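# Topology and contacts: notes
This is what each chain is made of:
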Amino acid sequence: MAFPEGFLWGGAVSAGQYEGGWNEDGRGPCRMDYTTGGTRTSPRFVTYVDAEGKPVKAGREAPLPAGARWASLDDCYYPNQVAVDGYHRWREDVDLFAEMGFKVFRMSIGWSRLFPTGTEAEPNRAGVEFYREMFTYMREKGIEPLVTLMHFDTPLGLDEACGGWGNRELIDHFVRFVTTCFLEYKGLVHYWLTINEINNALSLIDFLGNASDEGYQATYQLLHHQFLASAKAVQIGHAIDADNKVGCMIASAATYPHTCDPADILAAEHKRQENAYYCGDVQVFGAYPTYAKRLWDAHDVHIKMEETDLDVLAEGVVDFYTFSYYNSNVVTTHEVTDTVGGNFQVGARNEYLTYSDWGWAMDPMGLQWQLEVLYDRYQIPLMVVENGLGAFDEVVEEAGEKRVHDPYRIDYLRQHVRAMETAIANGVDLWGYTPWGCVDLVSMGTGEMRKRYGFVYVDMDDEGKGTLDRCRKDSFWWYQRCIASNGAEL
């Protein structure tokens, strides 16, 4: 068998999409709490009341205008406020994960549950103890926590006080937060990730198109601040507990040239450099890559740095590299008529692949390629910490029980597990695999519940109706056999 002994099989969620309990036990709000639901074809919005008292729906990345206040509007539904009620049902879910045989569970700590506005000198003790209880119970069940420190949930108080990550002050607030996490959970957590899909800032500005040079300047500057914050987190984690392993987390999609035209090949490589390698190179190698100058010069970007910044980056390199992988895409310099569009994905269709209901190309061989290319580049251990198929699931009654037959998900996962097995056989040092949304979650991109990834079905619809009860899908039993056989029975 290619999978090594001790391989970390598990699953993954994020606090914002899983927990709910958005205003309980001292937790402060984050932007997701005021973000409406959407669909594949209709966007999500943030909502507020302006200085004149008028309710407003704005683009989900829109800043809060002067004199306005964030608000939930009566005619809007906010799926992340309840999510799938993990805040109250986590013990039930951990029991299900243990039944599947999880060795590791990737989750995140809600920053605003520990520091409600992000500016407090001391943490919210109810939030600290919530996660301590959860980590302790997981370890009792033989499940290793893999904890993401920031997963798209900067406290709104920091946005209001500092204006977001474009302000260098955010670094100090993040340092206080992560120091608290490392100290409070010393001995309970040994595997940490600093900032989830840190490269999404670049991918998003590229996806939206026609961004100004000022927009690129702001994006590269906020990334510089996040690189420093991540590097400092690595150093703090190592100083507090020598057993800590601290990794990065990159959103990764295999990117292919659409034709063998050299212009397409170069365009695809440049796209990979911009959207994936740029962030990985800084966090793994501790320095900006040579091609950064080309990226900056294209938009007249001049990053403001302090004298010791490059030293901080060099001293805070990560121990391992993790990434999400769902799909691949193609890049071309030619005009094309056969295009696809999905959640943060647009471009030419790859005629050799099939596409999910949400417009993502299903490409297990692309995962093998990513693993081999990334390991060859970085030469540090890898983990696939997000992967899966968002699909429509149907609940049926059989023999008095609710069941979900999801052979399409099993087939997707089976092919991706085989791709990992091949990559390991080819020399890749792969530590683990945590498929995304092991229990159904609120979709980050669309806010939907109908876009389901889990092995466990959650009774909740896109309007917030349902019991939130859990039931096992067929994929639950498939993954149980996969784990028990260390990937041999697929």
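This structure is a prediction, so every number in the text was calculated from the model and none was measured.

The rules we used
Throughout this document, residue positions are counted from 1 along each chain, in the order its sequence is written. Confidence filtering applies because this is a predicted model: local features only for residues at pLDDT of at least 70, side-chain atom pairs given and counted only at 80 or more, and all residues used for totals across whole chains, interfaces and linings. To obtain the side-chain values, all non-hydrogen atoms of the structure were used and water was disregarded. One bridge is not enough; two strands pair if DSSP finds at least two bridges between them. Numbered from the N terminus, helices here are DSSP runs of H or I no shorter than four residues, and strands are runs of E no shorter than two. We call Phe, Tyr and Trp rings a pair once their centres come within 6.5 Å, taking the six-membered ring for Trp, and we label the pair stacked below 30 degrees between planes, edge-to-face above 60, and tilted otherwise. Throughout this description, buried means an accessible area under 20% of the type-specific maximum (1.4 Å probe, protein chains only), exposed means over 50%, and partly exposed covers the range between. Should the NZ of a Lys or the CZ of an Arg lie within 6 Å of a ring centre and within 35 degrees of the ring normal, that charge is described as sitting over the ring. What a helix should span is 1.5 Å times the count of its residues minus one. Given a residue, its bend is the angle between the two axes fitted to the seven residues that end at it and to the seven that start from it. Just to be clear on terms, a salt bridge is a Lys or Arg side-chain nitrogen sitting within 4 Å of an Asp or Glu carboxyl oxygen.

### Focus: the sheet that holds strand β4 (residues 69-70)
Backbone-to-backbone hydrogen bonds pair the strands of a sheet. The strands run either parallel or antiparallel. Strand order in the open sheet formed by three strands is β3-β2-β4, and the pairing between neighbours is antiparallel. Unpaired on one side and paired on the other, β3 (55-59) and β4 mark the two borders of the sheet. Sheet topology note: the strand β2 (residues 45-49)/β3 ladder contains five bridges and is antiparallel. The partner of Val49 across the bridge, within β3, is Pro55.

### So, the packing of aromatic side chains
Overall, the coordinates contain 41 aromatic pairs when judged by the stated rule. When the centroid spacing of 6.2 Å and the interplanar angle of 55° are considered together, the rings of Phe174 and Phe177 count as tilted. Of this pair, Phe174 and Phe177 both sit in helix α7 (residues 169-184), three residues apart, which is roughly one turn of that helix. A single burial state applies to Phe174 and to Phe177, both of which are buried. Linked through ring pairs, Phe3, Phe7, Trp9, Phe97, Phe102, Phe105, Tyr433, Phe455, Trp478 and Tyr479 together constitute an aromatic cluster. For the cation-ring pair, Arg113 lies above Phe130, with the distance from its terminal atom to the ring centre recorded as 5.6 Å. Lying across the ring of Tyr277, Arg377 places its NZ or CZ 3.7 Å from the centre.

### Some points on helix α3 (residues 86-100)
Between its first and last C-alpha atoms α3 spans 18 Å; for 15 residues at 1.5 Å apiece the expected length is 21 Å, and the helix comes up short by more than 12%. At Glu92, α3 shows its largest bend, some 35°. Looking only at α3, the buried set comprises Gly86, Tyr87, Arg89, Trp90, Asp93, Val94, Leu96, Phe97 and Met100.

### Re the pattern of salt bridges
Note that side chains of opposite charge can pair when their charged atoms are close. Applying the stated rule across the entire model yields 31 salt bridges. Between Asp95 and Lys141 there is a salt bridge; the shortest N-O distance is 3.5 Å. Placement of the pair is Asp95 in helix α3 and Lys141 in the loop between α5 (125-140) and β6 (144-150), with a sequence separation of 46 residues. Classification of Asp95 as partly exposed rests on a relative accessible area of 32%. On the basis of relative accessibility, which here comes to 39%, the residue Lys141 falls in the partly exposed class. Asp338 is paired through a salt bridge with Arg349; the nearest N and O atoms lie 3.1 Å apart. Linking Asp338 in the loop between β9 (320-331) and β10 (339-342) with Arg349 in the loop between β11 (345-348) and β12 (354-355), this pair joins segments that are eleven residues apart in sequence. One network of salt bridges, in which partners are shared, links Asp393, Asp406, Arg409, Asp440, Arg452 and Lys473.

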